[in-house]
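Each chain is listed here by its residues.
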Amino acid sequence: MNSPERLEFSYFPGCSVATTAAESNHSLMQACRILGLHLQELEDWNCCGSSSAYSVDPELGFNLSTRNLSLAPPDRPLLVMCPRCLHHLRHAHLDMQQDPRLRRAQERRWGRPISPDLEIMHFLEALVRFGLDRLQKGSVRGLNGLKFVPYYGCTLYRPPALHRQKYYQAEMENILTALGAKPVRGAFNNRCCGSFLSAVRPEAVTPLVNEIIGSAVSAGADCLVTSCAMCQLNLEVRCTAANKLPIFHFSEILALALGAQDYEGWFTRHLVDPRPLLEDRGLLGLPPPLPTVP
Amino acid sequence: MSPPQALSKTSEVAIVSEFDRHFASEVNRRSHTDLNRCYQCRTCGNGCPFVEAMDYPPYGVIRLVQYGMRQKALECATIWICVSCHTCSSQCPNAIDIAAIMDTLRSLALEERAAVATPDILAFHLEVLRSIERYGRTHKLGIMLRHKLLTGQWFKDVDVGLKMLAKRKLDLMPSRIKAIKEINRLFLPYWRV
């Protein structure tokens, strides 16, 4: 399928990653370029349905997801960045796998084939499966013991409808530890960030976010690293605690360790400026020259 | 924490003959889970991050369904507050997919035009759908502005909105898909497709 040099993926960014969290998108592109993972954005993708379509009209949500699946070329894995989009796309795909009638109905609807064998994976999974040796080669800067809380949020952590499928735990710790950062235990890694309630019921979300950040502070972390763009936003905008911590997208920390240089544009979009922390740890500026192997 | 108000209303009279005997099986069938396994251990209520914003805790809603108290279950705020974070389901000793039950109750509530306890949350969801219908993607600034217009709460949360604008997190123009007709079709009644 893929040559060992250049790995091809279709890429589904999702609305949040494409707009509010553009910094996550840019840093991901940088990281993938350095790692030799070639991402081809899914042509004319649409919203996966988000929480709202699934709350109000699950059938509409399902149809929105299947359109995206009908656009995906079958010969390469579909890489998804947003955990909620991943959940919806996978769920829809699983339903169609288990019920071919459903799949054929959707193929008629879109006038395009939908491959039952399409692989749908999160970026973390792609990295663990295809990128570990590349990571070793690409890493130009140790993370100098940056103490982070790996914050997965709720959706990557075992939604019951997919309980026989893969779920994610410890990937961020493993990868970032290999790059020289230190995971901190004892914080709320899987606590829900508030999702859409952050927009409509901020008063219910703020105490929750403060609890999450507070748990990270008392665990002695410098920052949180999250795999979800919406979590990143909610943790930043809804935190009213005096002691705020920078919240990184996983792709930002990864790209930084891989030596990406255009981080200014990402970090200025953060509400809690992470640059003082990174400066303090000597993680900004040009990476130090690699020790030459005799 | 004192028990949620709804559960302490002991003076209320429930007329057993008016209960819907088939409600539980209907909800089970639609949500692909088995709520009869629930033995009211209340773990879901202890884990739920939003239980304080709810009128019934998750186990309370399950109890309403088990008893067949259709109207109470469909008109409670809990089904709209739930964000499907699955904390309850992952802690449930009987592996009940509680979020799927909430999804089902929400759909039933809309189908049967039950009174919606949290009209602001429904209005938000409809705004998101409107954005998807128009652009194929969500346009956050448009959604928030229209939501404020409809709920009249212009000044709630202005500081956060301004901060997000200043950080260029809210795009002024929506990102649109090309084949918007394919999306529009999903929103048409079936007899016009």
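Everything numeric here is computed off the predicted structure, so don't read it as measured data. (Residues numbered from 1 in each chain as written. Chains lettered and ligands numbered in written order. Predicted model: local features only at pLDDT ≥ 70, side-chain atom pairs only at ≥ 80, totals over all residues.)

Brief notes about the overall build of chain B
Logical step 1: Helix and strand content of chain B: 11 helices and 0 strands.
Logical step 2: Listed by position from the N terminus, the elements making up chain B come as α-α-α-α-α-α-α-α-α-α-α.
Logical step 3: The principal-axis extents of the C-alpha atoms in chain B amount to approximately 55 × 45 × 30 Å.
Logical step 4: Counting only residues that meet the buried cut, chain B has 38% of its 193 residues in that class.
Logical step 5: Contacts in chain B between residues far apart in sequence, at least 24 positions, make up 66% of those at least 6 positions apart. (Helix = DSSP H or I, 4+ residues; strand = E, 2+ residues; numbered from the N terminus. Buried ≥ 20, exposed ≤ 12 C-beta atoms within 10 Å, placed from the backbone. Contact = placed C-beta atoms within 7 Å.)

Observations concerning the environment of A:Q136
Logical step 1: Inspection of the secondary structure puts A:Q136 in helix α8 (residues 132–138).
Logical step 2: In the structure, A:Q136 is positioned 101 residues away from A:L35 in sequence and 9.6 Å away in space, judged by C-alpha atoms.

Things to note about the interface of chain A and chain B
Many analyses report the size of an interface as the accessible area lost when the parts associate.
Logical step 1: Of the residues lining the interface, 38 residues belong to chain A; the matching set on chain B comes to 44 residues.
Logical step 2: When residues of the side of chain A that touches chain B are traced back to their parent elements, those giving at least two are α1 (15–18), α3 (50–56), α4 (58–71), α10 (197–200) and α11 (202–218) of chain A.
Logical step 3: Take the side of chain A that touches chain B: its biggest share by element is 7 residues, from α3(A).
Logical step 4: Within the side of chain A that touches chain B, the residues separate by chemical class into 23 nonpolar, 9 polar and 6 charged. (Nonpolar A, V, L, I, M, F, W, Y, C, P; charged D, E, K, R; others polar.)

Remarks on helix α2 (residues 22–35) of chain A
Residues and elements named next belong to chain A.
Logical step 1: Taking 1.5 Å per residue, 14 residues should reach 20 Å; α2 reaches 20 Å between its end C-alpha atoms and fits that length.
Logical step 2: Counting buried positions along α2 gives 11 out of 14 residues, so the element sits mostly inside the fold.
Logical step 3: Of the residues flanking the end of α2, it is G36, one or two places downstream, whose phi is positive at about 80°. (Expected span 1.5 Å × (residues − 1).)

A closer look at the sheet that holds strand β7 (residues 223–226) of chain A
Residues and elements named next belong to chain A.
Logical step 1: Read from one edge of the open sheet, 4 strands run β6-β5-β7-β8, paired in parallel fashion. Two strands lie at the open edges of the sheet, namely β6 (182–183) and β8 (247–249), each paired on one side alone.
Logical step 2: Direction of pairing for β7 relative to β8: parallel, over a ladder of 3 bridges. Paired with V225 across the strands is F248, a residue of β8.
Logical step 3: Lying over the sheet, helix α13 (residues 250–257) contacts β7 and β8, oriented at roughly 75° with respect to β8. (Pairing = 2+ DSSP bridges. Axes fitted to C-alpha atoms, helices over the stretch in contact; angles between N-to-C directions.)

With respect to the sheet that holds strand β2 (residues 37–41) of chain A
Residues and elements named next belong to chain A.
Logical step 1: With parallel pairing, 4 strands are arranged side by side in an open sheet as β2-β1-β3-β4. The two strands at the open ends of the sheet, each matched to only one other strand, are β2 and β4 (120–122). Adjacent strand axes in the sheet meet at a mean angle of 40° when their direction is disregarded.
Logical step 2: Direction of pairing for strand β1 (residues 7–12) relative to β2: parallel, over a ladder of 5 bridges. Within the sheet, the bridge partner assigned to Y11 lies in β2 and is E41.
Logical step 3: Seen against the sheet, helix α5 (residues 83–98) touches β1, β3 (78–80) and β4 and runs at an angle of roughly 160° to β4.
Logical step 4: Each of β1, β2, β3 and β4 is contacted by helix α7 (residues 123–130), which is oriented at about 90° to β4, the strand it contacts most.

Some remarks on the nonpolar core
Logical step 1: Formed by 141 residues in total, the largest nonpolar core has its most connected members in A:V80, A:F148, A:L224 and A:V225.
Logical step 2: Sorting elements by how many residues they give to this core places helix α7 (residues 98–111) of chain B first, with 7 residues.
Logical step 3: Leaving out residues up to four positions away in the same chain, A:F148 has contacts with A:L176, A:A181, A:P183, A:V184, A:A221, A:D222, A:C223, A:L224 and A:V225. (Core = buried A, V, L, I, M, F, W, Y, C linked by C-beta atoms within 7 Å.)

A closer look at the domain arrangement of chain A
Residues and elements named next belong to chain A.
Logical step 1: For chain A, the assigned domains are domain 1 (7–123) and domain 2 (141–258 + 272–280).
Logical step 2: Between the C-alpha centres of domain 1 and domain 2 the distance comes to 24 Å.
Logical step 3: Contact with domain 1, which involves 21 residues of that partner, is made by 22 residues of domain 2.
Logical step 4: Elements with a minimum of two residues in the side of domain 1 that touches domain 2: α1, α2, α3 and α5.
Logical step 5: In terms of residue count, the dominant contributor to the side of domain 1 that touches domain 2 is α2 (7 residues).
Logical step 6: Across the side of domain 1 that touches domain 2, the residue classes tally to 8 nonpolar, 10 polar and 3 charged. (Domains from an automatic or database assignment.)

Topic: the pairing of β1(A)
All names here are of chain A.
Logical step 1: Of all 6 residues in β1, 5 are buried; the element is thus mostly enclosed.
Logical step 2: Pairing of β1 with β3 involves 3 bridges; the strand directions are parallel. In the sheet register, F12 faces β3, and the bridge partner there is V80.

What about the domain arrangement of chain B?
Logical step 1: Partitioning chain B into domains gives domain 1 (15–111) and domain 2 (119–192).
Logical step 2: The straight-line distance from the C-alpha centre of domain 1 of chain B to that of domain 2 of chain B is 29 Å.

Looking at the environment of A:L277
All names here are of chain A.
Logical step 1: Within the secondary structure, L277 sits in helix α15 (residues 275–280).
Logical step 2: By C-beta crowding, L277 is classed as partly exposed, having 17 other C-beta atoms within 10 Å.
Logical step 3: Expressed as a C-alpha distance, the spacing of L277 and F250, which sit 27 residues apart in the sequence, is 16 Å.
Logical step 4: Other than its neighbours up to four places away in sequence, L277 contacts D222, C223 and P246.

Brief notes about α7(A)
Logical step 1: For α7(A), the complete set of buried residues consists of A:F123, A:L124, A:E125, A:A126 and A:L127.
Logical step 2: Those residues of α7(A) that are buried are in contact with β1, α2, β2, β3, β4 and α9 (171–178) of chain A.

Brief notes about the confidence of the model for chain B
All names here are of chain B.
Logical step 1: Mean pLDDT over chain B works out to 89, with 93% of the residues at or above the 70 mark.
Logical step 2: Looking at the elements of chain B, mean pLDDT is at its lowest for helix α10 (residues 158–166), recorded as 83, and at its highest for helix α5 (residues 78–81), recorded as 97.
Logical step 3: As a predicted assembly, this complex carries a pTM of 0.90 together with an ipTM value of 0.89. (pLDDT = per-residue confidence, 0-100.)

Observations regarding unusual backbone geometry
All names here are of chain A.
Logical step 1: Backbone geometry at D44 places phi at a positive 60°, although glycine is not the residue there.
Logical step 2: By the secondary structure assignment, D44 is in the loop between β2 and α3.
Logical step 3: The phi dihedral of N144 is positive, around 50°, even though this residue is not glycine.
Logical step 4: With respect to the helices, strands and loops of the structure, N144 is situated in the loop between α8 and β5 (147–151).
Logical step 5: On the neighbour-count criterion, N144 (13 C-beta atoms within 10 Å) is partly exposed.

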